[in-house]
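# Residue-level structure breakdown
Here are the chains, one letter per residue:
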Amino acid sequence: MATKTIDASLMQKMFLAGAKNLEANKEWINDLNVFPVPDGDTGTNMTMTILSAAREVSTIANPNMASLSKAISSGSLRGARGNSGVILSQLLRGFTREVKSTTEINVETIALACQRATETAYKAVMKPKEGTILTVAKGISDKAATLAAETDDVEEFIAKLIDEAEFVLSKTPDMLPVLKEAGVVDSGGQGLVVVLKGCYDALIGKVTDFTITETDNKPESEGKAGVGAAIENVEIKFGYCTEFIVNLEREFTEKDEKEFKKFLESIGDSIVCVSLDDIVKIHVHTNHPGLAFEEGLKYGSLTKMKIDNMREEHNEKLVTQAEKQAAAASDAMNKVNEAKASNEPKKDFGFITIAPGEGIGQIFRDLGCDEVIEGGQTMNPSTEDILNAADKINAEVIYVLPNNGNIILASNQAASIIEDKKMIVIPTKTVPQGISSLINFEATRSEEENTEAMTEGLSLVKSGQLTYAVRDTSIDGKEIKKDNFIGLGDKGLSSVGTDMHTTLVELVDDLMFDDAELVTVYYGSDVTEEAANEAVEAIKNKFADKEVELQYGGQPVYYYIVSVE
């Protein structure tokens with residue numbers, strides 16, 4: 001029997017199934033990166049974007065199209081990461097705008113929604129490029145317009161849309177030569193197809209599990225009595241069952257996780273510390289819940305803070321103490337969230353920057369940045385991360401320096417959402433561009449003058465990065481073997497080699513220009529200071545007439561970031 005309509009309950013299941021299918025395939029999508037470097041993150045960015053919406057969608061008990069549309073649109077918009085994530089959020093935004101006022105959707109509604117989704121996504125990109133996720137979306141919407149007049153069976157309709165999406169995706173290498181040379185299809189387009197396939201599987205009943213992973217992770221040893229139940233005739237060493245979630249505001253590494261667990265062990269037992277995407281869930285039995293909260297605040301803001309007293313006979317006394325500690329922790333959290341905005345007088349200008357390493361972050365702070373978001377090529381911050389940083393700055397105008405081409409769209413999206421301040425995004429694509437732009441700021445200038453000067457600063461510096469190849473391929477006519485060192489410049493591949501320092505010098509040589517005076521080298525977390533000094537000496541030997549400086553960057557993945565100015 002043909003399916004003619006989709007109601008809100010079924011749409012909820014389809015969306016959740018699409019999100020789960022994307023999550024299950026994110027690493028495969030990451031591997032479709034054109035450049036064979038260890039930072040493919042399209043799948044991760046799209047997954048974190050859609051899961052931000054899925055978590056909200058999964059909490060709606062009795063959905064209607066309006067409530068679903070709001071959750072999908074707002075959740076994906078604020079959670080968008082990377083260019084692919086932002087475009088996905090705009091596709092979802094356009095689609096839900098069309099369906100939010102309906103009670104059920106049919107093939108005609110879907111066709112109109114696909115058209116609106118495509119139009120919304122194209123408008124969000126300043127220079128749309130064919131051969132990308134946008135092309136796949138357009139292929140879907142064009143096919144939907146034709147099919148709507150041919151069938152009213154939703155199952156048949158969506159199945160044919162997926163077939164068309166896969167056909168268009170297969171043609172993306174013909175539209176972008178760089179895809180053909182790398183032997184891959186567009187990763188963002190592939191991600192969109194994966195989402196549609198998940199939705200279709202829910203429609204035909206192939207998928208029945210729609211839970212979004214976000215468990216409480218309570219230890220089994222707590223038994224049937226549950227957290228906080230009275231325990232008779234047992235001496236309880238640690239009286240408070242303490243739980244909370246940390247909304248991460250910086251990278252949470254394996255080292256951070258070990259240190260966090262070590263601290264929790266010093267104040268309690270029954271410890272669970274689990275990192276899930278951009279949150280960390282904590283459970284600990286302790287006599288000092290406030291200390292646990294304060295430790296969590298080092299990594300981000302806290303939510304779902306919960307304290308249960310496990311000593312019923314001392315309930316009144318201990319609960320009072322816990323409430324005081326929770327209140328103290330809450331005050332501390334508010335100070336973190338409000339930061340300078342509540343403690344400093346309002347100023348004309350403020351600055352947010354994204355830095356891939358602690359050393360680079362400190363350089364930006366020294367140059368006057370108010371908020372440094374840890375992130376970069378392998379960990380793109382979300383639109384909401386940028387908005388949260390803006391909330392901490394008490395300024396009329398806030399400049400954002402993304403320092404990565406994959407973060408500019410999320411920054412622009414934040415600028416379009418913010419209400420109480422003006423946000424200006426300077427489209428810095430590299431760390432050296434960000435530093436050059438910030439140096440060009442002058443407090444005595446007007447907003448317009450500074451925007452112009454900071455934007456002009458982008459052309460005053462050339463940037464490069466050195467990393468390694470994760471697979472064999474060919475780019476720009478250069479053969480690349482797995483584990484080769486790769487130098488990437490502003491315009492693409494600059495150098496390839498088997499010796500790190502030789503490849504680095506070739507990268508600098510490619511960046512060099514006649515009037516260049518200074519070469520700055522930022523060494524990463526995987527490079528020793530001794531090795532970095534050797535690299536600088538190699539550059540000095542090649543360019544004896546140039547000044548060469550060495551700075552600690554601390555960035556992952558890229559051994560060196562280089563600027564020539």
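Structure: above.
Conventions used here
- In every chain, residue numbers begin from 1 and rise along the written sequence.
- Thresholds applied to this predicted model are a pLDDT of at least 70 for local features of residues and 80 or more for the giving and counting of side-chain atom pairs; totals over whole chains, interfaces and linings are not thresholded and use all residues.
- Excluding hydrogens and water, the side-chain values take into account all heavy atoms of the structure.
- We treat two strands as partners when DSSP finds at least two bridges between them.
- Secondary structure follows DSSP: runs of H or I at least 4 residues long count as helices, runs of E at least 2 residues long count as strands, and numbering of each begins at the N terminus.
- For every element, the axis is a line fit to its C-alpha atoms; helices are fit only across the contacting stretch, and the angle between N-to-C directions ranges from 0 to 180 degrees.
- Comment on the angle field: the value is read as roughly parallel under 35 degrees, roughly antiparallel over 145, roughly perpendicular from 65 to 115, and oblique elsewhere.
- In this scheme the handedness of a crossing depends on how the near helix is turned from the far one: anticlockwise by less than a right angle means left-handed, clockwise means right-handed.
- We call two residues in contact when some of their heavy atoms are within 4.5 Å.
- Each residue gets one of three labels, nonpolar for Ala, Val, Leu, Ile, Met, Phe, Trp, Tyr, Cys and Pro, charged for Asp, Glu, Lys and Arg, and polar for the others, Gly among them.
- Accessible area is worked out with a 1.4 Å probe on protein chains only. A residue is then buried under 20% of its type maximum, exposed over 50%, and partly exposed in between.
- Whether a crossover is right-handed depends on one test, that the path from the first strand over the helix to the second runs clockwise when the strands point away from the viewer.
- Any pair of nitrogen or oxygen atoms within 3.5 Å is treated as a polar contact; in protein, a donor-acceptor pairing is required on top of that, and neighbouring residues in sequence qualify only through side-chain atoms on both sides.
- Two distance rules govern patches: like charges are joined within 9 Å, and nonpolar side chains (Val, Leu, Ile, Met, Phe, Trp, Tyr) within 5 Å, applied only to residues with over 30% relative accessible area and no salt bridge.
- Residue burial considers only the protein chains on display, and all accessible areas are found by Shrake-Rupley using a 1.4 Å probe.
- By definition here, a salt bridge exists when the distance from a side-chain nitrogen of Lys or Arg to a carboxyl oxygen of Asp or Glu is within 4 Å.
- Charge counting treats Lys and Arg as positive and Asp and Glu as negative, with His and both chain ends excluded.
- Where a charge sits is defined by one atom per residue type, namely NZ (Lys), CZ (Arg), CG (Asp) or CD (Glu).

### Some words on the sheet that holds strand 9 (residues 395-401)
Sheet strands associate in pairs through backbone hydrogen bonding, adopting either a parallel or an antiparallel arrangement. Sheet architecture is open: four strands sit in the order 8-7-9-10, paired in parallel fashion. Strand pairing shows two members of the sheet lacking a second neighbour, strand 8 (371-374) and strand 10 (422-425), which therefore form its edges. Neighbour to neighbour, the strand axes of the sheet diverge by 20 degrees on average, direction disregarded. In terms of strand pairing, strand 7 (residues 347-355) meets strand 9 through six bridges, oriented parallel. Among the inter-strand pairings, glycine 350 is bridged to a residue of strand 9, identified as isoleucine 398.

### Structural notes on the packing of helix 4 (residues 65-79) against helix 5 (residues 82-99)
Angle between the axes and distance between the axes: these two values describe a pair of packed helices. Orientation of helix 4 relative to helix 5, taken along the N-to-C sense of each, is 160 degrees, at an axis distance of 9 Å. The angle between helix 4 and helix 5 places the two elements in the roughly antiparallel class. Here the hand of the crossing between helix 4 and helix 5 comes out left-handed. Residues Met65, Ser69, Ile72, Ser73, Ser76 and Leu77 of helix 4 lie in contact with helix 5, whose contacting residues are Ser89, Gln90, Leu92, Arg93, Thr96 and Val99. Of the residues in the contact of helix 4 with helix 5, the class split is five nonpolar, six polar and one charged.

### Comments concerning helix 15 (residues 358-366)
Of the residues making up helix 15, those classed as buried are Gly359, Ile360, Gly361, Ile363 and Phe364. A positive phi of about 110 degrees marks glycine 368, the residue just after helix 15.

### Some thoughts on the pairing of strand 17 (residues 547-552)
Pairing analysis gives six bridges linking strand 16 (residues 518-523) to strand 17, with the strands arranged parallel. By the bridge assignment for strand 17, threonine 520 is matched with glutamate 549. Read as a crossover between parallel neighbours, the route from strand 16 over helix 21 (residues 529-542) to strand 17 is right-handed.

### A closer look at the side chain of serine 463
Mapped onto the secondary structure, serine 463 falls in strand 11 (residues 462-468). Judged by relative accessible area, serine 463 falls into the buried class, the value being 3%. Only 2.7 Å separates the side chain of serine 463 from the side chain of threonine 430, close enough to count as a polar contact.

### A word on a negative patch on the surface
A cluster of acidic side chains, namely Asp514, Asp515, Glu517, Glu547, Glu549 and Glu565, defines a negative patch on the protein surface. By the secondary structure assignment, glutamate 517 is in the loop between helix 20 (500-511) and strand 16. With a relative accessible area of 61%, glutamate 517 lands in the exposed category.

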